[in-house]
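Listed below, chain by chain, are the residues.
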Amino acid sequence: MKKVIMPVLIITFIMGCANGSGMKVMIKPALDKRLKEIKPISLHAGLFIEPALHQFKQNEWQKGLIEGVHHYVFPIGEPLATAIEEMTVLVFNRVTILEKFPVREIIERENIDFVITVNLKASELDLTVEESVWRAIGKHYLTVQISILDRSLNKIFEEDLVVEGKSLDLIDFETEGGWWKISGPKYGPAVEDSIEKVVYKLAKRLIEVKDKLFSK
């Protein structure tokens, strides 16, 4: 039975690479548990995440002599934006998600104290397979730029947050490498790691500058 299934899977994989669709990598980052222990800051935050970040997907090809060519599609933007929104709701007493760049009328109408803007500055993936020991190493270098604007939309703070996500995927020896070669190594955890790190780093920065920038 295995002899029949294996060629079918190989053909399916090759067709997937040929039509350019790639294999979508599942990315499900979790918020740092320490965020749930913070006392919410009594301020109304407006959060604007660049639409391009929401939609950002990254295509990567991992090549090797044994496992062949794997085409991966990393939907980085959606889980990153969602995690930032969830974190902000925990950090501040009230949050308004802004669908477009804020204007003063919106700030005044919603009585927003300040606005956080987030955009993606850099995303670089490093995918390698060490075939001699059958392990895959994924690294994700992620940089987001955050800006804080006052009620008059003057920029009062801006910073780049840089993190490195890592993951290690070892082969399942019971499959003798077959399934691993076809479905490819699990690189998703590297991206999850970088998202979790950058979101927590952003939370810490917001808390650190709170007294200096948001005191009334």
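First, a word on scope: everything that follows refers to the structure included in this document. Computed from a predicted model, the values in this text were never measured in an experiment.

Pairing of side chains with opposite charge becomes possible as their charged atoms draw close. Within the structure shown, the criterion is met by ten salt bridges. Between D160 and K121 there is a salt bridge, with the nearest N and O atoms lying 2.5 Å from each other. In this pair, D160 sits in strand β8 (residues 155-170) while K121 sits in strand β6 (residues 114-130), placing the two residues 39 residues apart along the sequence. The exposure class of D160 is partly exposed, given its relative accessible area of 32%. Note that R205 and E159 form a salt bridge whose closest N and O atoms lie 2.9 Å from each other. Taken as a pair, R205 in helix α6 (residues 188-214) and E159 in strand β8 lie far apart in primary sequence, 46 residues in all. The exposure class assigned to E159 is partly exposed, which follows from its relative accessible area of 23%. A single salt-bridge network, built from bridges that share partners, covers R94, R109 and E110.

Rules used throughout
Residues numbered from 1 in each chain as written. Predicted model: local features only at pLDDT ≥ 70, side-chain atom pairs only at ≥ 80, totals over all residues. Heavy atoms only, no water. Salt bridge = Lys/Arg side-chain N within 4 Å of Asp/Glu carboxyl O. Helix = DSSP H or I, 4+ residues; strand = E, 2+ residues; numbered from the N terminus. Buried < 20%, exposed > 50% of the residue type's maximum accessible area, 1.4 Å probe, protein only.

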